[in-house]
Amino acid sequence: MEILREYLALCWLSNDALELPRSESLFKKNLVIYFIIGYLLQANMIDDPVESLYEIIIQIIFMLGFIAILLIMNKTLYVYVQVATAFMFSANFISVFVVPVMVWLTVSEDLYSYYLFFLLLAWYYAIVAYIIKCVLVINIPASIVLALLYFIVTFLGAFAIGQMI
């Protein structure tokens, strides 16, 4: 339970991703949860279960690859499990709030649901930028740019390749 608190503190931007405990079990569990939630969200948006399946698989491959490339360039590949778990844990934590908002948005299309959805995405963006800042020991503007690159590669890249398949 203590390990979850340490990863949860990362969602409040108050813990260093390099100091998180290494847990391959937590990594695997977060990977499965990330896949399930991602698949359900994709299936809700696309309405084609097969296309949703390979898009989420491509997205996961891009996410794990992007993290590996960042760490290889920084010569800190030894913290791969912690950093990848931090990315997935924060995404899974935000998804706890995103899923009900997505249902609210789909059912009612209320303006407040769009505001809340954007706020949750901004929170996730801030977490990703914070993790990158801590891992690479760079300034905030550089981490914001790398976080933007992460989202472009991971989400838009998976979408683009999914459209070509």
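Description of the structure in this document. As the structure is a computational prediction, the values presented were derived from the model and not from experiment.

### Regarding the overall build of the chain
Item 1. When you go through the chain residue by residue, the secondary structure sums to six helices and zero strands.
Item 2. Scanning the chain from its N terminus toward the C terminus, one meets helices and strands in the order α-α-α-α-α-α.
Item 3. Here the C-alpha atoms of the chain give a radius of gyration of 16 Å, agreeing with the 15 Å that 2.2 N^0.38 yields for 165 residues.
Item 4. Reported as C-alpha extents along the three principal axes, the dimensions of the chain are approximately 45 × 35 × 35 Å.
Item 5. Counting all 165 residues of the chain, 44% fall into the buried class.
Item 6. Put simply, of all contacts in the chain between residues at least 6 apart along the chain, 64% involve residues at least 24 apart.
Item 7. In the structure as shown, the chain presents an accessible area of about 9,000 Å², 75% of it carried by carbon and sulfur atoms.
Item 8. Of the charged side chains in the chain, 6 are positive and 11 negative; the average position of the first set lies 17 Å away from that of the second.

### Examining helix 3 (residues 49–74)
Item 1. Taking 1.5 Å of rise per residue, 26 residues should cover 38 Å, and helix 3 covers 38 Å from first to last C-alpha, within 8% of that figure.
Item 2. Directly beyond the C-terminal end of helix 3, a positive phi value near 60 degrees is found at K75.

### Focus: the packing of aromatic side chains
Item 1. For the structure on display, the rule yields 14 aromatic pairs.
Item 2. Measuring from centroid to centroid gives 5.0 Å for F87 and Y150, while their planes differ by 55 degrees, and the two rings are tilted. Of this pair, F87 sits in helix 4 (residues 80–108) while Y150 sits in helix 6 (residues 140–164), placing them 63 residues apart in sequence.
Item 3. Given a relative accessible area of 0%, Y150 falls into the buried group.
Item 4. A ring pair is formed by Y124 and F151, whose centres lie 5.5 Å apart and whose planes are at 85 degrees; its orientation type is edge-to-face. Highlighted residues: Y124 in helix 5 (residues 111–136) and F151 in helix 6, separated in sequence by 27 residues.
Item 5. Owing to a relative accessible area of 7%, Y124 belongs among the buried residues under this scheme.
Item 6. One aromatic cluster is present, built from ring pairs that chain together F66, F87, Y124, Y125, Y150, F151 and F155.

### Considerations on the nonpolar core
Item 1. I67, V83, F87, V128, I131 and Y150 are the most contacted members of the largest nonpolar core, which has 48 residues in total.
Item 2. When contributions to this core are tallied by element, the ones reaching two or more residues are helix 1 (2–11), helix 2 (24–46), helix 3, helix 4, helix 5 and helix 6.
Item 3. Sort the elements by how many residues they give to this core and helix 4 lands first, with 14 residues.
Item 4. Every residue in contact with I67, bar those within four places of it in the chain, is listed here: Y80, V83, A84 and F87.

### Regarding the packing of helix 2 against helix 4
Item 1. Where helix 2 meets helix 4, the closest approach of the two axes is 9 Å, and the angle between their N-to-C directions is 30 degrees. Classified by the interaxial angle, the pair formed by helix 2 and helix 4 is roughly parallel. Note on packing geometry: the crossing formed by helix 2 with helix 4 is left-handed. In contact with E24, L26, F27, N30, L31, I33, Y34, I37, L41, N44 and M45 of helix 2, helix 4 contributes V81, A84, T85, M88, F89, A91, N92, S95, V99, M102 and T106.
Item 2. Of the residues in the contact of helix 2 with helix 4, the class split is 15 nonpolar, six polar and one charged.

Rules behind the numbers
Residues numbered from 1 in each chain as written. Predicted model: local features only at pLDDT ≥ 70, side-chain atom pairs only at ≥ 80, totals over all residues. Heavy atoms only, no water. Helix = DSSP H or I, 4+ residues; strand = E, 2+ residues; numbered from the N terminus. Rg over C-alpha atoms; globule rule 2.2 N^0.38 Å. Buried < 20%, exposed > 50% of the residue type's maximum accessible area, 1.4 Å probe, protein only. Contact = heavy atoms within 4.5 Å. Areas by Shrake-Rupley, 256 points an atom, 1.4 Å probe, with all protein chains shown as cover. Lys, Arg positive; Asp, Glu negative; His and termini not counted. Charge placed at Lys NZ, Arg CZ, Asp CG, Glu CD. Expected span 1.5 Å × (residues − 1). Phe/Tyr/Trp six-rings, centres within 6.5 Å; stacked < 30°, edge-to-face > 60°. Core = buried A, V, L, I, M, F, W, Y, C linked by side-chain atoms within 4.5 Å. Axes fitted to C-alpha atoms, helices over the stretch in contact; angles between N-to-C directions. Parallel < 35°, antiparallel > 145°, perpendicular 65-115°, else oblique. Left-handed = near helix turned anticlockwise from the far one by under 90°. Nonpolar A, V, L, I, M, F, W, Y, C, P; charged D, E, K, R; others polar.

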